[in-house]
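Chains, contacts and geometry: an overview
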Amino acid sequence: MKLFHIRGGVHPAGNKERSAAQAIADLPLAPLLHVPMQQHSGAPALPVVRRGEQVLKGQLIGHSQGTVSAPVHAPTSGRIMGVGSYPAHHPSGIPVRTISLKPDGEDRWITPSDPLVDPFTLSGEEIAARVSAAGVVGMGGAAFPAGVKLNLRTRYRLHTLVINGAECEPYLTCDDRLMREQPEEVLDGVRIMAHALGVSHILIGIENNKPEAQAALREAARKALATQDAAAPTIRVVGLPTRYPMGSAKHLVKALSGRETPARGRTADLGMVVYNAATAFAVHEALRLGRPLVSRLVTVTGGAIRYPANLRVHLGTPVERLIEFCGGFREPPARLVSGGPMMGEPLPSVRVPVVKGSMGILALTAQEVAQREEGPCIRCGNCVRACPCGLLPLEMAAHARVGNLERVVGLGLLDCISCGSCAYVCPAGIPLVQYFNYAKGELAARQRAKHKQMETRRLAEQRTARLEALQRAKREALAQRKAAAAKPMAPPRPSPGEARI
Amino acid sequence: MTIPSPIIGPHAHGGDSIPRAMGLVMLALIPATLFGLVQFGWPARYLFVTTVLAALLFEALGLGLAGRSLRPLKDGSALLTGWLLAMTLPPWAPWWIGVVGAALAILVGKQVFGGLGQNLFNPAMVARVALLVAFPLPMTRFVAPSVTLGPDAPGMVGALGISLGATPLDGISSASLLGQVRTELSRGLGLDNILAGAYDPWQQMWGHAAGSLGETSALLLVLGGLFLLYRQAITWHIPVALLGALTLLATLTHGLDPARYPGALYHLLSGATLLGAFFIATDPVTSPVSPRGQLLFGAGCGALVFVIRTWAGYPEGMAFAVLLMNACTPLIDHYLRPRIYGRNARGAPLSYADAAERRL
């Protein structure tokens with residue numbers, strides 16, 4: 001299949017060899033799980049269990065709140081030890097609402113509440129509802145509730161489902177292993193999603209550094225195509241050039257279709273929806289087995305890890321359990337990172353739990369991090385050439401440094417995907433992403449402040465209007481009473497202002 | 001175990017650094033430099049060492065005066081500036097030309113603006129132009145290789161007399177090819193007559209010609225430039241656009257009147273064309289950042305070189321051309337930005353004709 005050019009990007013060392021060779025292993029249950037209520041983008045879930053309560057694996061313990069939210073389920077059977085706060089899987093380590101669960105060791109599943117039926121007999125809405133109820137979120141990092149996106153066909157005319165198996169971040173191999181070891185399950189999830197979205201084409205994009213995964217999915221697709229009827233969507237497995245950030249949804253869509261997602265728009269504007277391969281697997285589990293999302297694959301690797309691995313982990317398992325299972329550290333790590341080295345975030349502590357969006361735990365040595373002191377910009381333009389979005393990172397950083405937010409926004413701050421390609425190639429070691437994140441945070445804070453100010457003004461104006469109406473009503477009533485006193489026979493009548501207040 | 005927090009990705013780096021970038025340029029300069037130092041003998045060696053040392057000294061002085069740490073000395077930029085300046089000086093110029101030039105380059109050309117990365121103009125070219133305007137005589141006295149390699153060439157001690165300015169160069173100095181051709185043309189001679197004895201493309205290519213210290217060997221400069229391209233220390237845009245524009249203009253005018261306008265090869269092989277195209281115009285600090293901007297910048301340099309050589313008051317125009325285009329760089333960067341993903345060239349979000357029917 002013809003692929004289209006995407007601009008910029010970088011070729012970081014893959015460093016996938018050590019963990020790519022390791023088959024998926026089950027991590028033994030931890031003695032205590034800490035399951036946060038916020039594991040997705042959107043509103044946090046609301047706890048629906050109490051301390052001391054006995055729960056089964058897959059039982060609902062956190063109810064989703066609002067349109068963009070996801071429920072949380074018990075990762076195993078056991079007893080609720082408390083509903084409190086615990087450090088989040090976030091660089092801040094800020095305490096968040098968390099349910100602590102003591103496993104009973106039996107790992108007993110709850111009976112699915114919805115009867116299991118052939119998903120292809122269900123409507124798109126029903127599939128989306130089941131996916132939402134199973135707490136499935138995008139497993140590629142953003143953790144956006146998957147069911148919400150499955151309903152996009154009510155608003156867009158969609159034609160293609162794109163499965164993102166690029167896994168362009170260095171080090172990470174869990175998607176690779178999943179596609180290699182369970183290609184049929186992944187493909188089944190893909191086909192269920194395609195059915196729900198009502199699309200006629202499926203494109204599965206996998207970078208060319210994963211030939212085994214490509215072959216496995218091609219074989220699975222061949223079998224599926226042989227048995228499915230002619231009206232079913234076409235399936236193509238596409239080899240993608242190994243280039244970061246190929247896995248950015250907007251860039252993946254450009255490479256496949258040659259069209260760019262309009263600024264501030266969605267890939268759905270082009271009729272395409274993008275899901276991660278691991279999300280497809282979670283959809284398969286939810287629809288075929290009635291199992292909500294309670295575990296995920298995590299790559300544990302990095303130069304400081306003794307035995308790298310791809311682990312199937314119960315959500316809520318403390319990160320230190322994963323590291324212990326992998327034989328601990330070969331040498332003290334210079335940095336612990338959640339996710340890939342390009343866009344991952346530092347872990348505040350090894351005690352934080354694994355959540356739905358945790359793709360990898362990296363223990364990097366100082367040599368791998370290659371941290372350097374910030375020098376002066378020499379305007380070499382490396383960042384301009386590397387930027388996949390066509391931005392001028394050096395100018396944006398210079399304006400962000402002096403707090404000139406308007407200029408940074410004018411230069412395209414909101415088009416920046418924070419991929420870090422610019423900082424990766426900067427010879428001066430300027431932490432460009434940090435400047436942009438600062439500017440984005442500052443912008444959000446200013447917008448909130450402005451919104452608040454306008455709300456306050458609106459309320460104040462309403463209050464003034466209300467008080468004036470009240471005064472006017474009183475005056476009118478007084479005048480009427482005076483008139484009534486002059487003409488004693490007229491009956492008293494409430495003024496319209498009084499009735500309203 | 002807790003890890004100190006406010007660190008942000010990427011948690012990996014491509015390995016490029018400022019000292020590495022500077023080092024690559026110096027590495028690429030070595031062949032042409034060695035050639036110049038051998039061909040032009042001891043006076044050239046003294047001048048080179050003096051200029052480079054003075055550049056480092058003035059960098060330290062500038063940093064000290066500004067109350068900054070002396071660490072930037074190690075980034076190699078001052079060394080490279082001194083080196084490039086020395087390459088563009090007449091090889092038998094007295095020592096103080098190198099020292100004054102280094103002071104102009106480092107203090108006036110760079111530190112006044114705030115140090116590395118802040119200067120608008122190429123420091124080495126600022127110095128060269130200032131020297132040319134202030135001291136026209138020592139800046140235009142070149143010596144032919146027949147003298148510098150001849151039997152009367154000064155030895156290590158005898159060269160001191162030239163470097164200290166005690167030995168007069170009258171009688172042995174000559175003009176560069178560009179200067180000679182210009183003078184003769186202005187006297188009404190035809191190009192065929194002028195070039196017949198003075199110009200041999202092969203000798204120009206090897207560098208066996210009178211000229212500035214490091215600009216003579218076309219072959220070795222191209223070799224260095226190709227090395228820089230190969231190691232991705234520079235991109236092709238500026239050199240190709242510069243040489244392309246110069247070639248185009250020279251070919252056109254030569255076609256119109258071969259007796260007055262020399263051909264493209266003459267322009268490419270003489271003067272500072274190749275040194276400028278690969279090593280000077282490509283200075284990252286003072287050239288545009290976007291590929292399209294670099295093409296325009298390079299083409300502008302090439303065109304200006306041609307215009308100055310052909311019609312202006314100086315026989316060679318590389319330094320002026322680079323400085324003039326340096327002045328345009330902020331403007332070029334402002335107008336020639338890359339197109340942002342998802343937006344059209346004017347910055348408005350893309351819209352597709354069939355998008356409306358898609359959005360139900």
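A quick note: this is a predicted structure, and the numbers were derived from the prediction, not measured. (Residues numbered from 1 in each chain as written. Chains lettered and ligands numbered in written order. Predicted model: local features only at pLDDT ≥ 70, side-chain atom pairs only at ≥ 80, totals over all residues.)

The secondary structure content of chain A amounts to 16 helices and 17 strands. Within chain A, the fraction of its 501 residues that count as buried is 52%. In chain A, once contacts between residues fewer than 6 apart in sequence are set aside, the share between residues at least 24 apart is 73%. (Helix = DSSP H or I, 4+ residues; strand = E, 2+ residues; numbered from the N terminus. Buried ≥ 20, exposed ≤ 12 C-beta atoms within 10 Å, placed from the backbone. Contact = placed C-beta atoms within 7 Å.)

Below, the discussion takes up the overall build of chain B. Counting its secondary structure elements, chain B contains 18 helices and two strands. For chain B, the residues scored as buried account for 51% of the 360 residues in total. Taking the intrachain contacts of chain B between residues at least 6 apart in sequence as the baseline, contacts between residues at least 24 apart amount to 75%.

Residues and elements named next belong to chain A. Once the domains are mapped, chain A shows domain 1 (17-26 + 124-297) and domain 2 (382-501). Just the C-alpha atoms count here: the centres of domain 1 and domain 2 sit 38 Å apart. Taken together, the contacts link five residues of domain 1 with five residues of domain 2. Looking at the side of domain 1 that touches domain 2 residue by residue, the classes come out as three nonpolar, two polar and no charged. (Domains from an automatic or database assignment. Nonpolar A, V, L, I, M, F, W, Y, C, P; charged D, E, K, R; others polar.)

This part covers the interface of chain A and chain B. Across the boundary between the two partners, chain A contributes 61 residues, which contact 40 residues of chain B. Those elements that place two or more of their residues in the side of chain A that touches chain B are strand E15 (335-338), strand E16 (345-346), helix H10 (366-369), helix H11 (382-386), helix H14 (421-425) and helix H15 (432-486) of chain A. Of the residues in the side of chain A that touches chain B, the class split is 36 nonpolar, 13 polar and twelve charged.

Residues and elements named next belong to chain A. With respect to burial, strand E10 (residues 201-207) is a largely interior element, six of its seven residues being buried. As defined by bridge partners, E10 adjoins strand E11 (residues 234-240) across seven bridges and the pair is classed as parallel. Following the sheet pairing, Leu203 is matched in E11 by Arg236. (Pairing = 2+ DSSP bridges.)

All names here are of chain A. Taken together, three strands build an open sheet; the order of strands is E3-E5-E6 and the sheet is antiparallel. Unpaired on one side and paired on the other, strand E3 (46-47) and strand E6 (72-73) mark the two borders of the sheet. Where strand E5 (residues 60-63) meets E6, two bridges bridge the pair, whose relative direction is antiparallel. Its bridge partner being in E6, Gly62 is matched across the sheet by Val72.

For the rest of this paragraph, the subject is the sheet that holds strand E17 (residues 360-364) of chain A. Residue and element names in this part refer to chain A. Pairing in this open sheet of six strands is mixed, and the strands run E1-E14-E13-E17-E15-E16 from one edge to the other. Only two strands of the sheet have a single partner each, and these edge strands are strand E1 (24-26) and E16. Where strand E13 (residues 295-301) meets E17, three bridges bridge the pair, whose relative direction is parallel. Paired with Thr299 across the bridge in E17 is Gly360. Where helix H4 (residues 174-181) meets the sheet, its contacts fall on E1, E13, strand E14 (309-314) and E17, and the angle it forms with E13 comes to roughly 125°. (Axes fitted to C-alpha atoms, helices over the stretch in contact; angles between N-to-C directions.)

On to the packing of helix H1 (residues 18-39) of chain B against helix H3 (residues 77-87) of chain B. Residue and element names in this part refer to chain B. H3 packs onto H1 with a crossing angle of 25° between their chain directions and a minimal axis gap of 10 Å. Viewed along their axes, H1 and H3 adopt a mutual orientation that is roughly parallel. Between H1 and H3 lies a crossing whose hand is left-handed. On the side of H1, the interface is formed by Met22, Val25, Met26, Leu29 and Thr33, while H3 contributes Ser77, Leu80, Trp83 and Met87. (Parallel < 35°, antiparallel > 145°, perpendicular 65-115°, else oblique. Left-handed = near helix turned anticlockwise from the far one by under 90°.)

Our focus in this paragraph is the environment of Ala220 of chain A. Among the secondary structure elements, Ala220 of chain A is positioned in helix H6 (residues 211-227). For Ala220 of chain A, a count of 22 C-beta atoms within 10 Å translates into the label buried.

To continue, consider H4 of chain A. The periodicity of an α-helix, 3.6 residues per turn, causes residues three or four places apart in sequence to face the same way. Across the eight residues of H4 of chain A, seven count as buried, placing the element largely inside the fold. Inspection of H4 of chain A places Cys174, Asp175, Asp176, Arg177, Leu178, Met179 and Arg180 of chain A among the buried residues, and these make up the whole buried set.

Turning our attention to the environment of Lys102 of chain A. Residues and elements named next belong to chain A. Looking at the secondary structure, you find Lys102 in strand E8 (residues 95-103). Residue Lys102 is classed as partly exposed on the basis of its 15 C-beta neighbours within 10 Å. When neighbours within four sequence positions are excluded, Lys102 is seen to be in contact with Leu32, Gly78, Arg79 and Met81.

With that settled, consider the confidence of the model for chain B. Residues and elements named next belong to chain B. Of the residues in chain B, 96% reach a pLDDT of 70 or more, and the chain-wide mean stands at 90. Every residue in residues 1-5 scores below 50 in pLDDT, and together they form eleven contacts with partners more than four places removed in sequence or on other chains. For this predicted complex, the interface confidence comes out at an ipTM of 0.89, alongside a pTM of 0.89. (pLDDT = per-residue confidence, 0-100.)

Cis geometry marks the peptide bond from Tyr244 of chain A to Pro245 of chain A, where omega comes out at -5°. Relative to the helices and strands, Pro245 of chain A resides in the loop between E11 and helix H7 (249-257). Cis peptide bonds are those with omega within 30 degrees of zero, and the linkage from Gly9 of chain B to Pro10 of chain B qualifies with -5°. Within the secondary structure layout, Pro10 of chain B lies in the segment before H1. The phi dihedral of Tyr171 of chain A falls on the positive side, at around 75°, and the residue is not glycine. By the secondary structure assignment, Tyr171 of chain A is in the loop between strand E9 (160-165) and H4.

Glancing now at the packing of helix H2 (residues 41-65) of chain B against H3 of chain B. Residue and element names in this part refer to chain B. Where H2 contacts H3, the axes come no closer than 8 Å and their chain directions differ by 145°. Where H2 crosses over H3, the handedness of that crossing is right-handed. Seen from H2, the contacting residues are Leu47, Phe48, Thr51, Val52, Ala54, Ala55, Leu56 and Glu59; seen from H3, they are Ala78, Leu79, Thr81, Gly82, Trp83, Leu85 and Ala86. Per-class residue counts for the contact of H2 with H3 are eleven nonpolar, three polar and one charged.

Residue and element names in this part refer to chain A. Along the chain, the position of Leu347 falls in the loop between E16 and E17. For Leu347, a count of 27 C-beta atoms within 10 Å puts it in the buried group. Spatially, the C-alpha atom of Leu347 lies 35 Å from that of Ile127, the residues being 220 residues apart in sequence.

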